[in-house]
Amino acid sequence: MKQRLERVLEPIFHDDSYGYRPGRSAIDAIRKARQRCWRSNWVLDIDIKSFFDTIDWELLLKAVRAHTDCAWELLYIERWLKTPVQIEDGSVVAREAGTPQGGVISPLLANLFLHYAFDTWMSRSFPDIPFERYADDIICHCRSEAEARALWRALDARFAACRLQLHPQKTKIVYCNDWNRRGDFPVVSFDFLGYNFRPRKSIWHGKLHVHSFLPAISPKAIAAIGRTIRGWRLHRWVQMSLEELAATYNKYIQGWIGYFGHFYGGRLSQVLRRIDVFLIRWARQKFRRLRRRPRGARYWLMHVRRSQPTLFAHWRFVNEGGWTSGAV
């Protein structure tokens with residue numbers, strides 16, 4: 001069903017819609033947002049309150065019917081939408097709105113809903129305001145604070161008509177402050193898809209350090225990675241070899257690097273260095289000879305890193321200061 005509908009819907013979707021679409025990624029959305037933040041002074045950071053749980057079935061099915069008249073497709077989509085939920089105590093709860101969490105077709109249906117509720121409406125009503133949308137994460141780039149506030153008011157009315165609600169606390173106007181923009185504004189940062197955009201030091205023409213509005217791994221993502229690393233309790237796995245530890249955890253480390261290493265990778269390097277702290281503790285637990293020497297385990301790990309620089313996925317990344325893909 002997803003494949004059938006995707007063939008029909010993919011050609012009509014907006015170019016600035018990135019979520020759950022073939023050939024597009026969150027990194028594409030972040031890269032485009034970074035470029036547009038350099039061109040526009042203001043951002044409206046949009047948060048839709050409980051979007052996936054409040055999608056109106058009547059409006060969604062109306063959108064589906066506009067693209068298929070196949071009776072069995074419409075039948076199954078309506079059944080999937082209206083299926084009740086069984087919670088942990090075994091009781092069954094009826095649902096009145098939203099798409100099923102974890103459903104294979106749910107992201108496609110959510111994209112279709114916002115295609116009409118937001119994307120095409122923006123093209124009609126505010127054609128000069130570019131945006132990036134990844135599912136319900138939306139960033140709009142405005143030329144002035146007044147334009148951002150006007151868009152906010154219009155979106156309030158538009159989403160109310162579509163039976164959605166902007167989150168009053170999480171939706172905000174952001175000033176993209178950097179070295180060539182004057183003025184002051186209390187909000188100069190926003191989070192988008194795990195990255196935090198704010199003024200950061202960067203190199204201009206190879207030598208001058210200036211503040212530029214750039215993305216880097218967000219504090220929330222750093223905290224989550226730190227909790228995961230602590231939860232591994234590497235220093236307790238003394239029955240495993242260093243090679244076995246690397247084989248077990250490299251898939252996680254490489255995943256973090258593959259996503260958060262694209263922009264301003266030095267911030268990611270800082271949290272990945274915590275892995276080596278636990279590896280030093282692991283070495284002290286495993287090798288008695290290293291317990292008697294205060295810095296023995298540290299020197300031992302330095303030797304291993306020089307002799308096997310690719311053993312752990314983060315070693316090369318950290319040694320090079322956090323390689324990036326066009327970070328500045």
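Preceding block: the structure.
In short, a report on the structure. (Residues numbered from 1 in each chain as written. Predicted model: local features only at pLDDT ≥ 70, side-chain atom pairs only at ≥ 80, totals over all residues. Heavy atoms only, no water.)

Here we look at unusual backbone geometry
Defined as follows: A run of H or I in DSSP counts as a helix once it spans at least four residues, and a run of E counts as a strand once it spans at least two, with each numbered from the N terminus. Categorising residues by exposure relies on relative accessible area from a 1.4 Å probe, with only protein chains included: less than 20% of the type maximum marks a residue as buried, more than 50% marks it as exposed, and the intermediate range marks it as partly exposed.
Here Leu193, not a glycine, exhibits a phi torsion of approximately 55 degrees, which is positive. Its location among the elements puts Leu193 in the loop between β7 (190–192) and β8 (195–204). A residue is classified by how much of its surface remains accessible, and Leu193, at 14% relative accessible area, is buried. The backbone phi angle of Arg233 is positive, close to 50 degrees, even though this residue is not glycine. Mapped onto the fold, Arg233 is located in the loop between α8 (219–232) and α9 (242–260). Residue class for Arg233 comes out partly exposed when judged on its relative accessible area of 39%.

Topic: the pattern of salt bridges
Applied cut-off: Take a side-chain nitrogen of Lys or Arg and a carboxyl oxygen of Asp or Glu: if they are within 4 Å of each other, that pair is a salt bridge.
With the rule as written, the count across this model stands at 15 salt bridges. Across the salt bridge formed by Glu10 and Arg21, the nearest N and O atoms sit 2.6 Å from each other. You can see Glu10 sitting in the loop between α1 (2–9) and α2 (26–39) and its partner Arg21 sitting in the loop between α1 and α2, a full eleven residues away along the chain. Look at Arg21 and you get buried, because its relative accessible area is 6%. In this structure, Asp119 engages Arg133 in a salt bridge whose closest nitrogen and oxygen atoms are separated by 2.8 Å. Of the two residues, Asp119 sits in helix α6 (residues 106–125) while Arg133 sits in strand β4 (residues 131–134), which places them 14 residues apart along the sequence.

Some remarks on the side chain of Arg200
Quick note on the threshold: The charge count includes Lys and Arg as positive and Asp and Glu as negative, but it does not include His or the ends of the chains. Polar contact is defined as a pair of N or O atoms within 3.5 Å, subject to the rule that within protein one atom must be able to donate a hydrogen and the other to accept it, and that residues adjacent in sequence are counted only when both atoms are side-chain atoms.
Checked against the element boundaries, Arg200 lands in strand β8. For Arg200, which is buried and forms no salt bridge, the nearest opposite charge comes from Asp191, at a distance of 7.1 Å. Of the polar contacts made by the side chain of Arg200, one reaches the backbone oxygen of Asn196; its length is 2.7 Å. A polar atom in the side chain of Arg200 sits 3.0 Å from the backbone oxygen of Leu214.

Observations concerning the environment of Arg274
Going by this rule: Throughout, a contact is declared for two residues whenever any of their heavy atoms are within 4.5 Å.
Examined against the element boundaries, Arg274 turns out to sit in helix α10 (residues 266–286). Setting aside its immediate chain neighbours within four residues, Arg274 contacts Ile222, Gly226 and Arg230.

Description of the packing of aromatic side chains
Going by this rule: Here the aromatic set is Phe, Tyr and Trp, taking the six-membered ring for Trp, and pairing holds for ring centres within 6.5 Å; pairs whose planes are under 30 degrees apart are stacked, those over 60 apart are edge-to-face, and all others are tilted. Placement of a charge over a ring requires the Lys NZ or Arg CZ to be within 6 Å of the ring centre, with the centre-to-atom vector within 35 degrees of the ring normal.
In total, this model carries 24 aromatic pairs according to the counting rule given. Taking 6.4 Å as the distance between ring centres and 75 degrees as the angle between the ring planes, the aromatic pair formed by Trp72 and Tyr76 counts as edge-to-face. Of this pair, Trp72 and Tyr76 both sit in helix α5 (residues 71–82), four residues apart, roughly one helical turn. Relative accessible area serves as the criterion here: at 37%, Tyr76 is assigned to the partly exposed category. Taking 6.1 Å as the distance between ring centres and 40 degrees as the angle between the ring planes, the aromatic pair formed by Trp282 and Trp300 counts as tilted. Of this pair, Trp282 sits in helix α10 while Trp300 sits in helix α12 (residues 296–307), and the two are 18 residues apart along the sequence. Trp282 gets classed as buried once you look at its relative accessible area, which sits at 1%. Following the ring pairs from residue to residue traces out a cluster consisting of Tyr195, Tyr259, Phe260 and Phe263. Above the face of the Tyr18 ring, Arg24 is positioned so that its terminal group lies 5.6 Å from the ring centre. Its end group placed over the ring of Tyr76, Arg79 keeps NZ or CZ at 5.6 Å from the ring centre.

Description of α9
Formally: Expected span, for any helix, means 1.5 Å times one less than how many residues it has. At every residue, the bend is computed as the angle between two fitted axes, covering the seven residues ending there and the seven beginning there respectively.
Helix length check: α9 (19 residues) gives 25 Å between terminal C-alpha atoms against 27 Å at 1.5 Å per residue, within 8%. Along its length, α9 reaches its greatest deviation from straightness, about 50 degrees, at Tyr249. Among the residues of α9, those classed as buried are Leu242, Leu245, Ala246, Tyr249, Asn250, Ile253, Trp256, Ile257 and Phe260.

Points about the nonpolar core
Defined as follows: Residues belong to one nonpolar core when they are buried, are Ala, Val, Leu, Ile, Met, Phe, Trp, Tyr or Cys, and are joined through side-chain atoms within 4.5 Å.
Of all hydrophobic cores here, the largest spans 56 residues; its most connected members are Phe190, Phe192, Phe197, Leu268, Leu272, Leu279 and Phe312. In terms of residue count, α10 provides more of this core than any other element does, nine residues in total. In this structure Phe312 touches Leu242, Leu245, Ala246, Asn250, Ile253 and Leu279, once residues within four positions along its chain are discounted. Among the nonpolar cores identified, the runner-up in size contains 44 residues, and Phe51, Ala110, Leu155 and Leu164 belong to it.

What to know about the sheet that holds strand β5 (residues 137–142)
Let me state the cut-off plainly: Strand pairing is assigned whenever DSSP detects at least two bridges linking the two strands. With axes taken as lines fitted to C-alpha atoms, and helix axes fitted only over the stretch in contact, angles between N-to-C directions fall between 0 and 180 degrees.
Here we have four strands laid out as an open sheet, ordered β4-β5-β1-β6, and antiparallel in their pairing. In this open sheet, the two edge strands, each paired with only one partner strand, are β4 and β6 (172–175). Geometrically, the sheet is characterised by an average inter-axis angle of 15 degrees between neighbouring strands, direction not taken into account. Relative to β6, strand β1 (residues 42–47) runs antiparallel, the two sharing four bridges. Following the sheet pairing, Val43 is matched in β6 by Val174. Along the sheet face, α2 touches β1, β4 and β5 and points at about 160 degrees away from the line of β4.

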